Amino acid sequence: MDLEDKIRESYHCKKFSYSTQKYPFKNLVEEIFGVPLGDLHKWIGEYNVFNRDNDQNTILHKVFYSNFNNKLKEIYNDFINNQVKEYLKEDFYYQKIPTFRVGLPGNKFVGEFHKDSQYNHKGYEINFNLGLSNYLGKAALKVQKERYSNDYIYLECPYGEIFSFDHINCIHGSETNVTDITMVSFDFRIALKRFYYDSDAKSIGNQSSFNRGFYFSDEPVNASHKKNI
Ligand SMILES: [Fe+2]
């Protein structure tokens, strides 16, 4: 097994906590939408169950992304550079704009079960998920317990927690949210600098480049405590 696979595996289903006083993501996202996040479904009408092609296409996603630079970018960058940095023991690039997820009651927040190696993502990535509302029980991410396993677990993420997982080699997705509360989260990938390389790979969804300076930050975040594995 490659070293990068080994390192990513060591981050599978790993949970961390952070201060919501210092990083009040939920309050900031609620300010953008103007309603409690768990109630978002009450304001946007009916949607058919999402598939891979449209799970990023609601008006809620458009509102999140169009407000990102003004309302969230600064605190997100601070969070990555000062908090996420503590979770990693080596230099890394990070996803410039996190991916917004919405699990409406009766719907799914990921269109299909998959592993990201199927979507052109590279082995130098590790994925982090941050729950904002109802990232609990079966409304949470369902993921293979380990590579090749037949066992799946629900990775919960109450507000104030963040988890990492092996999105490259472990199959994951979401079941229908059977609660009457909207699930809201965002996630982002980091790219371990020592394994990173520029590639021609493009995202399946919007054909954008995964390279540093585009998808990933221009500059790496340098680890404060290096540990060589
Ligand atoms: Fe994925």
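In short, a report on the structure. Quick caveat, the model's predicted, so the values are computed rather than measured.

Conventions we followed
- Residues numbered from 1 in each chain as written.
- Predicted model: local features only at pLDDT ≥ 70, side-chain atom pairs only at ≥ 80, totals over all residues.
- Heavy atoms only, no water.
- Donors = N, O, S within 2.8 Å, 3.2 Å for Na, K, Ca; no water.
- Helix = DSSP H or I, 4+ residues; strand = E, 2+ residues; numbered from the N terminus.
- Buried < 20%, exposed > 50% of the residue type's maximum accessible area, 1.4 Å probe, protein only.
- Pairing = 2+ DSSP bridges.
- Polar contact = N/O pair within 3.5 Å; in protein donor to acceptor, adjacent residues only side chain to side chain.
- Contact = heavy atoms within 4.5 Å.
- Core = buried A, V, L, I, M, F, W, Y, C linked by side-chain atoms within 4.5 Å.
- Arc of directions from axis to C-beta.
- Salt bridge = Lys/Arg side-chain N within 4 Å of Asp/Glu carboxyl O.

Turning next to the coordination of the iron ion. Bound to the iron ion are the protein donor atoms His114 (NE2), Asp116 (OD) and His172 (NE2), situated 2.2 Å from the metal. Along the chain, the residues that donate to the iron ion are spaced as H-x1-D-x55-H. On the criterion of sequence distance, the pair formed by His114 in the loop between strand 3 (99–103) and strand 4 (125–133) and His172 in strand 8 (residues 172–173) is long-range, its members being 58 residues apart. Considered together, His114 and His172 belong to a single accessibility category, that of buried residues.

Let us now look at the sheet that holds strand 8. Pairing between the strands of a sheet is mediated by backbone hydrogen bonds and can be parallel or antiparallel. Spatial ordering of the open sheet is given by 6-5-8, a layout of 3 strands whose pairing is antiparallel. The open sheet has two edge strands, strand 6 (152–155) and strand 8, and neither has a second partner. Pairing analysis gives 4 bridges linking strand 5 (residues 141–144) to strand 6, with the strands arranged antiparallel. Note that in strand 6 the partner of Val143 across the bridge is Ile153.

For Asn177, the position within the fold is in the loop between strand 8 and strand 9 (183–192). Only 2.9 Å separates the side chain of Asn177 from the backbone oxygen of Gly103, close enough to count as a polar contact. With near-sequence residues (within four places) excluded, Asn177 lies in contact with Gly103, Leu104, Pro105, Gly106, Asn107, Asn134, Ala139, Thr182 and Met183.

So, about the nonpolar core. Phe33 and Phe188 are the most contacted members of the largest nonpolar core, which has 51 residues in total. Secondary-structure elements contributing two or more residues to this core are helix 2 (25–33), helix 3 (59–87), strand 2 (92–94), strand 3, strand 4 and strand 9. Ranked by the residues each element gives to this core, the list is headed by helix 3, at 10 residues. The next biggest cluster of nonpolar side chains, apart from the first, holds 12 residues, and it includes Ala140, Leu141, Val143 and Met183.

Next up on the list: unusual backbone geometry. For Cys13, which is not glycine, the phi torsion reads 60° and is therefore positive. Along the polypeptide, Cys13 turns up in the loop between helix 1 (3–10) and strand 1 (14–17).

A few words now on the environment of His167. Along the polypeptide, His167 turns up in the loop between strand 7 (161–165) and strand 8. Judged by its relative accessible area of 0%, His167 is buried. Separated by 23 residues in the primary sequence, His167 and Gln144 place their C-alpha atoms 9.6 Å from one another. Setting aside its immediate chain neighbours within four residues, His167 contacts Arg8, Lys115, Asp116, Ser117, Glu125, Ile126, Asn127, His172 and Arg189.

Turning to helix 2, a few remarks are in order. Listing the buried residues of helix 2 in full gives Phe25, Leu28, Val29, Ile32 and Phe33. Across the axial projection of helix 2, the buried residues extend over an arc of 135°, all falling on one side. On its buried side, helix 2 packs onto helix 3, strand 3, strand 4 and strand 9.

Attention now moves to the pattern of salt bridges. In total, this model carries 11 salt bridges according to the counting rule given. Ionic pairing is found between Glu90 and Arg194, a salt bridge with its closest N-O pair at 2.7 Å. Here Arg194 lies in the segment after strand 9 and Glu90 lies in the loop between helix 3 and strand 2, a separation of 104 residues in the sequence. Judged by relative accessible area, Glu90 falls into the buried class, the value being 10%. One salt bridge connects Asp187 with Arg101, and the closest N-O pair in it is separated by 2.7 Å. Here the residue Asp187 occupies a position in strand 9, and Arg101 occupies one in strand 3, the gap between them amounting to 86 residues. The structure contains a network of salt bridges with shared partners spanning Asp5, Arg8 and Asp166.

In this section: the pairing of strand 9. Side-chain direction in a regular strand flips from residue to residue, so the side chains alternate between the two faces of the sheet. Taking burial as the measure, the 10 residues of strand 9 include 10 buried ones, the bulk of the element. Residues Met183, Ser185, Asp187, Arg189 and Ala191 point to one face of strand 9 and Val184, Phe186, Phe188, Ile190 and Leu192 to the other, with burial holding for every one of them. In this sheet, strand 9 lies alongside strand 2 in antiparallel orientation, the contact comprising 3 bridges. Across the sheet, residue Tyr94 finds its bridge partner in strand 9, namely Ile190. One ladder, built from 5 bridges, connects strand 3 with strand 9; its direction is antiparallel. Bridge pairing in strand 9 places Phe100 opposite Phe186. Note: strand 4 against strand 9, 8 bridges, orientation antiparallel. Within strand 9, the position partnered with Phe128 by the bridge is Phe188.

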